[in-house]
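Structural characterization, general
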Amino acid sequence: MLRLSLRNIADHKGRFIMTALAVVLGVAFVVSSFVLSDTIKQTFRTLFGEANQNVDLVVRTKGGFDTGPGGIERAPLPQQALDLVRSVPGVAEADGPVQGLVPALIDPKGKQVPNAGPPTLGFSWGTSDALRALHITSGRAPRAGELVLDKQTFDKYHFQLGTNVAVQLTSGSTTFPLVGTFEFGSSNGFAGAHVLAWETATAQHALGREGLVDKVQIAVAPHTPVRDVRARLVAGAPKGIEVVTGAQVAKEDSSTFEVIANVIGGVLLAFAGVALFVSAFYIFNTFNIILGQRTKELALLRAVGASPAQVRRAVIIESLGLGVVSSLIGLGGGLLLARALQSLMSAVGFSLPATDPILKARTAILGLVIGIGVTFLASILPAYRASTVAPLAALREDAANTGLTPRRRVLIGGALTALGALLLANGLFLADATKSVLTSLALGAICVFLGVSVLSALVAARITGVLGLPVRKLFSTPGRLARDNATRNPQRTASTAAALTIGLALVTMATIVGASLKASVKDATNQSLRAEYLISPSGFNGFGFSPTVSQRIRTNPEIEAESPVRFGAFRLEGKTKDVTAVDPRTIDRLVDVGVTSGSFDRLDDTSIFVEKDPARDLHLKVGSKVSVEFSRTGKHEFTVAGVYDDATIAGNYVISIGAYDANFAEKLDQFVAVKAANGVSRVQLEHALAPVLKDFPQLKVQTREEFVGSQSSQVDQLLIVINVLLLLAIAIAVLGIANTLALSVLERIREIGLMRAVGMTRRQTRRMVRWEGAIVSTFGATIGVAVGVLFGLAGLAALPKSFITSVAVPIPTLVLLIVFATVAGLVAAIFPARRAGRLDVLAAIATE
């Protein structure tokens, strides 16, 4: 039986290659997600390991937590701490670095160097060569008032040594002479970040750290035990100061940024799971059709003594052979895909060092297990069916494997759909932990798709009959035959279309959620935003800009009111929460947050506004005290100055700009809301702001409608990414349709030959097969869009009402999805149609 199985694979290479392709794509996606994630993690470990390779100990303040792109932020140390550390016996060298975000670096053409991905960072060059990971590659090290730039940014944007470079800082825009370039350890980049460095005193001034250092790095004297020096430092350290090893700091820093790798890997893995699930339908359908065509062959094996177990074993051996070969190819494909994704990340600004992708044993084993497992599981039911036909009955001309009866189909499909609905409801409304939510949603979606696949066979004939009516009317005999072929075997039509149903359902769900989110943002922003204009960076280019912009336009006579808006994070009840900062003197004229109690007149540097939902959950009202913790300044008690009900612009918590300045290091505005004076047009306003916009070329003036549109475009970009990733599943589904049609042509060789003999032309034959593919694809797309609409509405119901205020079902887009599926079916049928058209009439009639 083993030899027979291997011979069957060798004799039908084409059909197995088509089936193997689905497994290859799915496994490649799984492998690439792990390879890319492991490569990114290793990159950050290398970067931070090199940064701390000569650092034995670090003195720093306790506490701190991750509040954004800068990683974990802690309270600084006074400059005097550096002198105290240097005086401790056993300390050979010590340095006090400072670093921070740089709002913008201006290139020689007067444009901002893009930082839509990783930020632009500023460092102090330091005084210790042993502790410094940076090394000069051209020019020289910076002196007071001078600047050096990382080599990758220098080369990419064509900077020149000896020129003055414009840099936007928190304090405003200024220029520095560029005297050198540098690299970081053995790396040729900083994972896409642009890095500037100054002499220490200049860096402290530029980054707003006068008289402060972020931490103190220490190199212990040779032949001195590190633990002894650490003990001396701990003994002399005041309360709130800790001493840790450089290795611990490197591990903490890399783990903070490894979150990026986990997110990227998790997203890719989720879409790989979708692709493999679709592949399982494809493989199941292929094996089912192939075994149906080999009924006589299998019956003869039974007649000459093969047992049902041997028949099942032969089929499973074929599936395992297919799975092993496909998975091995998928491993190689995963490495190639990981390289392609690395190149794509570099193209969008997230540059990784030129390292080979990392394929761990865990990844290889998991890829093989998944690929072989999916193929094996998909073949179990077809193998069982192949062994259930009696030998003598199978030798008859009309012998065929039978599927589920309608009654069983209703019971099984209904049970799976109901179970899936319950799991989805649990994930959407009841589960709390992220893991349990995702598990419930994934299992629920799988059960719903399985249930719909089982049930759709009951309606496939009727629906395809209706969908095929236009084809029948337009294309006469080929159209009628295409419609009849699609309705002839409802079970096959349903299982063929199932893979496409899954892909289109997920695309539809994402489309509905995205459209509803855009509509909600637009409606809520139009209602809450009173400002006529907003000053913000163009596109998604930046992490904020200097507050001097707001200060400079504040006294402009063409402006009636303005308020900067900033975003940050603090801890409340042990959880990190986002917070918004505004100018309480003017914000009520620019934004309507729906104040239900209190007023902005009461918002000062020790008070806070809270949205109604967290206020209810925390039992807060005007006058209540709430303890919040800032990563840089620790815990503070704030008084609730007001409660509001519209979180569209303000989020859930609002503090004053003064409170933000007192508790955050990076004092950068995200946008400035502006209300023009009576009678001032946009042209007049832009003319009045021209001096400011000249100094800050990345900023632009937007109307309220333009600002809302730019926010909506962010949703559009996210949808594009999601749909591009889902295209893999749709591509596999289209391959499945092509494979099914090709097998269907083989199954109907004699029938096609007879039709050709009585006058059907090659063109009519090709047209018949193509339109059969289109009808099957349209059926799958119709079911998929219907299921996707239900998924989308369920997802919207689970989102907070403050987040989604409008439900939008974009009918034109959904119609285009169905049209796209129809075209995909026509394309998928090209090769099977050509094959059917080339059949020799006499040979086809003689086929048994």
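Here the structure is a predicted model, which means the values were calculated and not measured. (Residues numbered from 1 in each chain as written. Predicted model: local features only at pLDDT ≥ 70, side-chain atom pairs only at ≥ 80, totals over all residues. Heavy atoms only, no water.)

Section: the overall build of the protein chain
- A tally of regular secondary structure across the protein chain gives 25 helices and 26 strands.
- Viewed in the frame of its principal axes, the protein chain has a C-alpha envelope of about 95 × 75 × 55 Å.
- Put simply, the protein chain has 848 residues, and 50% of those count as buried.
- Summarising the internal contacts of the protein chain: among those between residues at least 6 apart in sequence, 82% fall at separations of at least 24. (Helix = DSSP H or I, 4+ residues; strand = E, 2+ residues; numbered from the N terminus. Buried < 20%, exposed > 50% of the residue type's maximum accessible area, 1.4 Å probe, protein only. Contact = heavy atoms within 4.5 Å.)

Comments concerning the sheet that holds strand E5 (residues 91-95)
- Strand order in the open sheet formed by 4 strands is E5-E15-E1-E16, with antiparallel pairing between adjacent strands. With one partner strand each, in any of the chains shown, E5 and strand E16 (241-245) form the two edges of the open sheet. In this sheet, neighbouring strand axes are inclined to one another by 25° on average, regardless of whether the strands run parallel or antiparallel.
- In terms of strand pairing, strand E1 (residues 57-61) meets E16 through 5 bridges, oriented antiparallel. Within the sheet, the bridge partner assigned to Val59 lies in E16 and is Val243. (Pairing = 2+ DSSP bridges. Axes fitted to C-alpha atoms, helices over the stretch in contact; angles between N-to-C directions.)

Examining the environment of Thr200
- Positionally, Thr200 belongs in helix H5 (residues 200-206).
- Expressed as a C-alpha distance, the spacing of Thr200 and Gly825, which sit 625 residues apart in the sequence, is 65 Å.
- Residues contacting Thr200, with those up to four places away along its chain left out, are Gly96, Ser124 and Gly126.

A few points about empty space enclosed by the protein
- Counted according to the given criterion, the structure contains 5 cavities of 30 Å³ or more.
- By volume, the largest cavity is sized at about 70 Å³.
- Lining the largest cavity are 13 residues, and of these Val452, Ser453, Ser456, Ala498 and Thr501 lie nearest its centre.
- Within the residue set of the lining of the largest cavity, elements represented by two or more residues are helix H13 (434-467), helix H15 (490-528) and helix H22 (762-798). (1 Å grid on protein atoms, 1.4 Å probe; cavity = no way out; pocket = protein on both sides within 12 Å on 5 of 7 lines; lining within 4 Å. Points joined across faces, edges and corners; volume = space filled by probe spheres on them.)

Some points on helix H24 (residues 830-837)
- Listing the buried residues of H24 in full gives Pro832, Ala833, Ala836 and Gly837. Buried positions in H24, seen along its axis, are confined to an arc of 135° and lie on one side of it. (Arc of directions from axis to C-beta.)

Quick notes on the pattern of salt bridges
- What the rule picks out here adds up to 23 salt bridges.
- Asp669 is the partner of Arg566 in a salt bridge, and the nearest nitrogen-oxygen pair spans 2.6 Å. A residue pair is termed long-range when its members are at least 10 positions apart, and Arg566 in strand E18 (residues 559-572) and Asp669 in the loop between helix H18 (657-663) and strand E25 (671-676) qualify at 103 residues. An identical accessibility class is assigned to Arg566 and Asp669; each is buried.
- One connected set of salt bridges, linked through shared partners, spans Arg60, Arg74, Glu242 and Glu252. (Salt bridge = Lys/Arg side-chain N within 4 Å of Asp/Glu carboxyl O.)

Looking at the nonpolar core
- In terms of nonpolar packing, the biggest core is built from 116 residues, with Val278 and Phe449 touching the most fellow members.
- Broken down by element, this core gets its largest block of residues, 16 residues, from helix H2 (residues 13-51).
- Setting aside its immediate chain neighbours within four residues, Phe449 contacts Phe277, Phe281, Thr501, Ile502, Ala505, Leu506, Val787 and Phe791.
- One finds Leu57, Phe176, Val213 and Val243 within the second-largest nonpolar core, a separate group that totals 36 residues. (Core = buried A, V, L, I, M, F, W, Y, C linked by side-chain atoms within 4.5 Å.)

Remarks on the packing of aromatic side chains
- Using the criterion set out here, one finds 15 aromatic pairs in the structure.
- Judged by centre distance (6.0 Å) and plane angle (55°), the rings of Phe630 and Phe638 are tilted.
- Of the residues examined, Phe630 reaches a relative accessible area of 1% and is grouped as buried.
- The buried category is assigned to Phe638, whose relative accessible area is 3%.
- The interplanar angle of 80° and the centroid separation of 5.5 Å between the aromatic rings of Phe630 and Phe664 together place this pair among those described as edge-to-face. Taken as a pair, Phe630 in strand E22 (residues 625-630) and Phe664 in the loop between H18 and E25 lie far apart in primary sequence, 34 residues in all.
- Taken together through their ring pairs, the aromatic side chains of Phe570, Phe630, Phe638, Tyr653, Tyr660 and Phe664 make up a single cluster. (Phe/Tyr/Trp six-rings, centres within 6.5 Å; stacked < 30°, edge-to-face > 60°.)

Side note on the side chain of Ser440
- With respect to the secondary-structure elements, Ser440 resides in helix H13.
- Among all residues touching Ser440, those that are not within four sequence positions of it are Leu423, Leu424, Asn426 and Gly427.

A look at the pairing of E25
- Extensive coverage of E25 is indicated by the burial of 5 of its 6 residues.
- Of the pairings in the sheet, the one linking strand E17 (residues 533-537) to E25 comprises 3 bridges and is antiparallel in character. Pairing of Ile535 across the sheet is with Val672, part of E25.
- Direction of pairing for E18 relative to E25: antiparallel, over a ladder of 6 bridges. When the sheet's bridge partners are listed, Pro564 is paired in E25 with Val672.

Details of the environment of Leu725
- Residue position: Leu725 is located in helix H20 (residues 704-747).
- By relative accessible area, Leu725 is classed as buried at 16%.
- Separated by 451 residues in the primary sequence, Leu725 and Val274 have C-alpha atoms spaced 9.8 Å apart.
- If we skip the residues at most four places from it in the chain, Leu725 touches Phe29, Val267, Leu268 and Phe271.

Side note on a nonpolar patch on the surface
- On the surface, a nonpolar cluster with roughly 730 Å² of combined accessible area is contributed by Leu793, Val807, Val809, Ile811, Val815, Val819, Val823, Val827 and Ile830.
- Here Val807 lies in the loop between H22 and helix H23 (811-828).
- Look at Val807 and you get exposed, because its relative accessible area is 56%. (Patch = residues over 30% accessible without salt bridge, like charges linked within 9 Å, V, L, I, M, F, W, Y side chains within 5 Å. Areas by Shrake-Rupley, 256 points an atom, 1.4 Å probe, with all protein chains shown as cover.)

Let's talk about the packing of H23 against H24
- The contact between H23 and H24 brings their axes to 4 Å, and the two run at 40°. Here H23 lies oblique to H24, going by the angle between them. Contact residues: H23 offers Leu826, Val827 and Ala828, while H24 offers Ile830, Phe831 and Pro832.
- Looking at the contact of H23 with H24 residue by residue, the classes come out as 6 nonpolar, no polar and no charged. (Parallel < 35°, antiparallel > 145°, perpendicular 65-115°, else oblique. Nonpolar A, V, L, I, M, F, W, Y, C, P; charged D, E, K, R; others polar.)

A few points about the pairing of E17
- Burial runs high along E17: 5 of the 5 residues are buried.
- The pairing of E17 with strand E26 (residues 699-703) spans 5 bridges and is antiparallel. Its bridge partner lying in E26, Ser536 is registered against Lys700.

Quick notes on the packing of H22 against H23
- Contact pair H22 / H23: the axes reach a minimum separation of 7 Å and the direction vectors enclose 150°. The angle between the axes of H22 and H23 places the two elements in the roughly antiparallel class. Both H22 and H23 take part in a crossing whose hand is right-handed. Between H22 and H23, the contacting residues are Arg770, Trp771, Gly773, Ala774, Ser777, Thr778, Ala781, Thr782, Val785 and Val789 on the first element and Leu814, Ile818, Ala821, Thr822, Gly825 and Leu826 on the second.
- Residue classes in the contact of H22 with H23 are distributed as 9 nonpolar, 6 polar and 1 charged. (Left-handed = near helix turned anticlockwise from the far one by under 90°.)

Some remarks on the side chain of Thr493
- Within the secondary structure, Thr493 sits in helix H15.
- For Thr493, a relative accessible area of 5% corresponds to the buried category.
- Non-local contacts of Thr493, meaning those with residues more than four positions away in its chain, are made with Ala460, Thr464, Ala486, Val776 and Phe779.

Focus on helix H21 (residues 749-757)
- For H21, every residue scored as buried is listed here: Ile749, Ile752, Gly753, Met755 and Arg756. Buried residues of H21, seen end-on, are gathered within an arc of 160° and therefore sit on one face of the element.
- Looking one or two places after H21, you find Gly759, whose phi comes out positive at around 120°.

Regarding the confidence of the model for the protein chain
- Summary statistics for the protein chain give a mean pLDDT of 85 and a share of 90% for residues scoring 70 or more.
- Taking the mean pLDDT of every element in the protein chain, the minimum, 60, falls on helix H11 (residues 391-394) and the maximum, 96, on strand E24 (residues 653-656). (pLDDT = per-residue confidence, 0-100.)

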